[in-house]
Amino acid sequence: MSLGQHLVELRRRFVIAAIALVVGMVIAFFLTDWIIWAMTEPIRIVAERRGEDPAAIVRLMYSTITGPFDMRLRISFVVGIILSAPVWIWQLWAFLMPGLTRKEIRYTVGFVCAAIPLFFAGCFVGWLIMPHIVEIMASFSAEGAANMYEAKYYYDFVFKLVLVVGVSFVLPVFLVALNLAGIMSGKAILKGWRVAILITVVFAGLATPAADIVSMLLLAGILIVLFFAAAGLSMLFDRRRVKRDAAAGLIPADAPTGTPKASA
């Protein structure tokens, strides 16, 4: 295909993805009442535990006239992206697939199949952690004080937390990708376990409030398990690669795991 044909194909794929996004946003707009209710559940829990009227003491506040509509539009956009993900991911894949080899296609499918469930699992964990963060932070309010949460800030807090935790769950997939690309061996990944644990604990501490030790340990524990799983899978791939290269005569049969191929 010529450059012009590639651009026409890209435009067609983009239009289909955009239509799917708009349809997803329309569907999501009718779900915003439930989503806002679920997002603000921690606010009601805080008020009930303080023995106060939720409508009087703890509430979501809109500081502009268009604030309520803007929040629903933001929620519709994010949820629309999620609902239309199968369509736009397929369009992206269909555009790139003709330029990939059979081996690259197999690896790409494997990465997508692993990354998508991990991302949604991370988002779910972030959603579970979010109420505890709100409750603990509200516990520092002085007696008799009213917690007025600005709607835009509250929305950004919830969705950024969910997104960051979701992305962090996908990072082990990139470690495996680096291993398959020959950039890092499984032993090299495993050798950095001390640094990985330190970074994981710091990240979990930043993603959760300092007073919420349980949420921090839960998040750090899951990420550490995923790191060691990625290291173990990479070492398994290294072992299979060494056996395959030894059978092909590219390296000695007794070569250690992670030995590069002999140059031609």
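None of these values were measured; they are calculated from a predicted model.

The next subject is the overall build of the chain. Helices and strands together make up the secondary structure of the chain, namely eleven helices and two strands. Listed by position from the N terminus, the elements making up the chain come as α-α-α-α-β-α-α-α-β-α-α-α-α. Looking at the chain residue by residue over its 264 residues, the buried ones come to 33%. A separation threshold of at least 6 residues defines the contact pool for the chain, and within that pool the share at least 24 residues apart is 75%. A total accessible area of about 16100 Å² is found for the chain, and carbon and sulfur atoms account for 72% of it.

Take helix 8 (residues 151-180) next. For helix 8, spanning 30 residues, the distance from its first C-alpha to its last is 44 Å, which sits close to the expected 44 Å at 1.5 Å a residue. The principal kink in helix 8, of about 25 degrees, is found at Phe169, preceding the proline Pro172 by one to four residues. Residue Glu150 occupies the N-cap position of helix 8, its side-chain oxygen lying 3.0 Å from the main-chain nitrogen of Lys152. Gly182 occupies a position one or two residues after helix 8 and carries a positive phi of about 80 degrees.

With that out of the way, let us pick up the packing of aromatic side chains. According to the stated counting rule, one finds four aromatic pairs in the structure shown. Note on Phe119 and Phe120: the rings are 5.8 Å apart at their centroids and 70 degrees apart in plane angle, and the pair reads as edge-to-face. Taking relative accessible area as the criterion, Phe120 reaches 39% and is therefore assigned partly exposed. Judged by centre distance (5.4 Å) and plane angle (75 degrees), the ring pair of Phe227 and Phe228 falls under edge-to-face.

With that settled, consider the confidence of the model for the chain. Averaged over every residue, the pLDDT of the chain is 78; residues scoring 70 or more account for 84%. Within the chain, the lowest mean pLDDT, 54, falls on helix 4 (residues 54-57), and the highest, 88, falls on helix 1 (residues 3-29).

Reading the values: rules and limits
Counting restarts for each chain, with residues numbered from 1 along the sequence as it is written. Per-residue local features are limited, in this predicted model, to residues with pLDDT of at least 70; the limit for side-chain atom pairs, both in listing and counting, is 80 or more; totals at the level of whole chains, interfaces and linings are taken over all residues. The basis for every side-chain value is the complete set of non-hydrogen atoms in the structure, without hydrogens or water. What counts as a helix is a DSSP run of H or I of at least four residues, what counts as a strand is a run of E of at least two, and both are numbered from the N terminus. Relative accessible area decides the class of each residue, using a 1.4 Å probe on protein chains only: under 20% of the type maximum gives buried, over 50% gives exposed, and in between gives partly exposed. The contact definition used throughout considers only heavy atoms, calling two residues in contact when any of these lie within 4.5 Å. To be clear on the numbers: accessible area is Shrake-Rupley with a 1.4 Å probe, and residue cover counts the displayed protein chains and nothing else. Given a helix with a known number of residues, its expected span is that number minus one, times 1.5 Å. Here the bend at each residue means the angle between axes fitted to two seven-residue stretches, the one ending at that residue and the one beginning there. Pairing of N or O atoms within 3.5 Å defines a polar contact, subject to two protein rules: one partner must be a possible hydrogen donor and the other a possible acceptor, and residues neighboring in sequence count only if both atoms are side-chain atoms. Stacked, tilted and edge-to-face are the three classes assigned to paired rings of Phe, Tyr and Trp, where Trp is represented by its six-membered ring and a pair needs centres within 6.5 Å; plane angles under 30 degrees give stacked, over 60 edge-to-face, the rest tilted. Every residue is assigned a pLDDT by the predictor, reflecting its confidence on a scale from 0 to 100.

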